[in-house]
Amino acid sequence: MIGSLNKPLVAVIATGGTIASKRNADGSSAPCLDGDSLVGLLPQSSVDLRAIDLMAKDSASLTLADMQSISNAVGKLLADDTIDGVVVLHGTDAMEESAMLVQLQNRLTKPVIFTGAQHTADHPQADGPANLAAAIAAATDCKNAGRGVLVCFGGRTSPAWGLYKHSADEIDAFRQSTGQDNPPGLYSGDVGALRIDIIAIYPGCDGALIDASLDAGAQGIVLAALGSGNANPSIVEAVQRSSARNVPLVVSSRVPQGKLTPSYGGGGGGHDLSLAGATHSSNLRPGQARILLAVLIAGGATEHSIKDAFA
């Protein structure tokens, strides 16, 4: 659809997710609605819409290559002078990660808004249409281009940087980590072929999973560590092995809120991890830390620049 003389034109990229899903006879749900079907659920408005079907996946199934495709599609629309704003329909499981990649790889000259749904399209309390309508409204406000990529969801509009999904079932599903800084800049390089692993740290774990990740060819590793970014002596030894193989390792936390500081010692605390060569992510949680590490590696970042970006 081409925008009329008096109406803004918003591109709506459909990628799947719950917003595009319906329940099957066995109770499972899967994406089945295309972009035209989704925008067709909205009443007539003062905005022209162009639906673009990019993929139809649950976001839990997305690869870095898929996320790169989303970022590339947004980049093309940003360069299209006929488009006034961009909305990306996306599953909630990994929405903040794709939004983060778009943020890091594109200079925003117009609003870019991510949204989705917690309930399927055929649910009695389907939230997708309201989220989509709010996202379209946000995409027509040129001031939002200066706020970075935004997630419009459950009545809340939040910058993508530092965002995480805090609830598996609440309509207002997203929150932001405290202690937010500005994104570190724009990065070039395709992340699609990279392997960046996230490894969960728990009391009593050893370095076997880090070693397995290294042996599998990971180019980077993120630890979902404890507390403010802590582990144990076995993990510190594994971090040393990762450093010896020049594989950058970033420490995040399974704790959703608060700024992370490498202050604990004792043989396995954050201070010891830093001495072993790890980089602490001051405010990004594991999913977004993985995306930032991926774009840094794709761009050929040095160890020093990786530490600067996460600090």
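Our structure is the block above this text.
Everything quoted here is computed from the prediction, not taken from an experiment.

A.B. asks: What is the right way to look at the overall build of the chain in this model?
C.D. replies: Per the secondary structure count, the chain includes nine helices and 14 strands. Its C-alpha atoms give the chain a radius of gyration of 20 Å, within 12% of the compact-globule value 19 Å for 311 residues. With respect to the three principal axes, the spread of C-alpha positions in the chain is 65 × 45 × 30 Å. Within the chain, buried positions represent 51% of all 311 residues. In the chain, the proportion of contacts linking residues at least 24 apart, taken out of those at least 6 apart, comes to 73%. Taking the average place of the 21 positive charges on the side chains of the chain and the average place of its 29 negative ones, the gap between the two points comes to 3 Å.

A.B. asks: Please clarify how helix H8 (residues 286-298) should be interpreted in this entry.
C.D. replies: Helical geometry note: an α-helix holds 3.6 residues per turn, so side chains three or four residues apart project in the same direction. For H8, spanning 13 residues, the distance from its first C-alpha to its last is 18 Å, which sits close to the expected 18 Å at 1.5 Å a residue. Within H8, the full set of buried residues consists of Pro-286, Gly-287, Gln-288, Ala-289, Arg-290, Ile-291, Leu-292, Leu-293, Ala-294, Val-295 and Leu-296. In the stretch just after H8, Gly-300 is the one whose phi turns positive, near 75°.

A.B. asks: What's the story with the sheet that holds strand E1 (residues 9-16) in this structure? I'm lost.
C.D. replies: Pairing is mixed across the open sheet formed by six strands, whose spatial order is E4-E1-E5-E6-E7-E8. Strands with a single pairing partner mark the edges of an open sheet, and in this sheet they are strand E4 (48-57) and strand E8 (156-159). Within this sheet the neighbouring strands show an average axis-to-axis angle of 20°, counted without direction. As paired strands, strand E6 (residues 112-115) and strand E7 (residues 150-153) are joined by two bridges and run parallel to one another. Within the sheet, the bridge partner assigned to Phe-114 lies in E7 and is Val-151. Each of E6 and E7 is contacted by helix H3 (residues 95-105), which is oriented at about 170° to E6, the strand it contacts most.

A.B. asks: Before we go on, may I ask you to explain unusual backbone geometry in this structure?
C.D. replies: A negative phi holds for most residues other than glycine; trans holds for most peptide bonds. The backbone phi angle of Asn-246 is positive, close to 60°, even though this residue is not glycine. Within the fold, Asn-246 resides in the loop between helix H6 (233-244) and strand E13 (249-253). What makes Asn-246 exposed here is its relative accessible area of 68%.

A.B. asks: Explanation requested: H3 in the structure shown.
C.D. replies: Counting buried residues along H3, eleven of its eleven residues qualify, which places the element largely inside the surrounding structure. Residues Met-95, Glu-96, Glu-97, Ser-98, Ala-99, Met-100, Leu-101, Val-102, Gln-103, Leu-104 and Gln-105 constitute the buried set of H3. Considering only its buried residues, H3 is in contact with helix H2 (64-78), E6, E7, strand E9 (163-165), strand E10 (174-176) and H8.

A.B. asks: Sorry, what's going on with the packing of helix H5 (residues 208-215) against H6 here?
C.D. replies: Helix packing geometry: the angle between the two helix axes and the distance between the axes. In contact at an axis separation of 9 Å, H5 and H6 are set at 15° when each is read in the N-to-C sense. When the axis of H5 is compared with that of H6, the two are roughly parallel. The element H5 and its partner H6 pack so that their crossing is right-handed. In contact with Ile-210, Asp-211 and Leu-214 of H5, H6 contributes Ile-235, Ala-238, Arg-241 and Ser-242.

A.B. asks: Help me out: how do you make sense of the pattern of salt bridges in this one?
C.D. replies: Where charged atoms of side chains with opposite charge meet at close range, the side chains can pair. The full count for this structure, using the stated rule, is eight salt bridges. Residue Arg-245 is joined to Asp-215 by a salt bridge in which the shortest nitrogen-to-oxygen separation is 3.3 Å. Of this pair, Arg-245 sits in the loop between H6 and E13 while Asp-215 sits in helix H5, and the two are 30 residues apart along the sequence. On the basis of relative accessibility, which here comes to 45%, the residue Arg-245 falls in the partly exposed class. One connected set of salt bridges, linked through shared partners, spans Arg-156, Asp-172 and Arg-175.

Parameters and conventions
Residues numbered from 1 in each chain as written. Predicted model: local features only at pLDDT ≥ 70, side-chain atom pairs only at ≥ 80, totals over all residues. Heavy atoms only, no water. Helix = DSSP H or I, 4+ residues; strand = E, 2+ residues; numbered from the N terminus. Rg over C-alpha atoms; globule rule 2.2 N^0.38 Å. Buried < 20%, exposed > 50% of the residue type's maximum accessible area, 1.4 Å probe, protein only. Contact = heavy atoms within 4.5 Å. Lys, Arg positive; Asp, Glu negative; His and termini not counted. Charge placed at Lys NZ, Arg CZ, Asp CG, Glu CD. Expected span 1.5 Å × (residues − 1). Pairing = 2+ DSSP bridges. Axes fitted to C-alpha atoms, helices over the stretch in contact; angles between N-to-C directions. Parallel < 35°, antiparallel > 145°, perpendicular 65-115°, else oblique. Left-handed = near helix turned anticlockwise from the far one by under 90°. Salt bridge = Lys/Arg side-chain N within 4 Å of Asp/Glu carboxyl O.

Geometric values such as these leave the question of function open.
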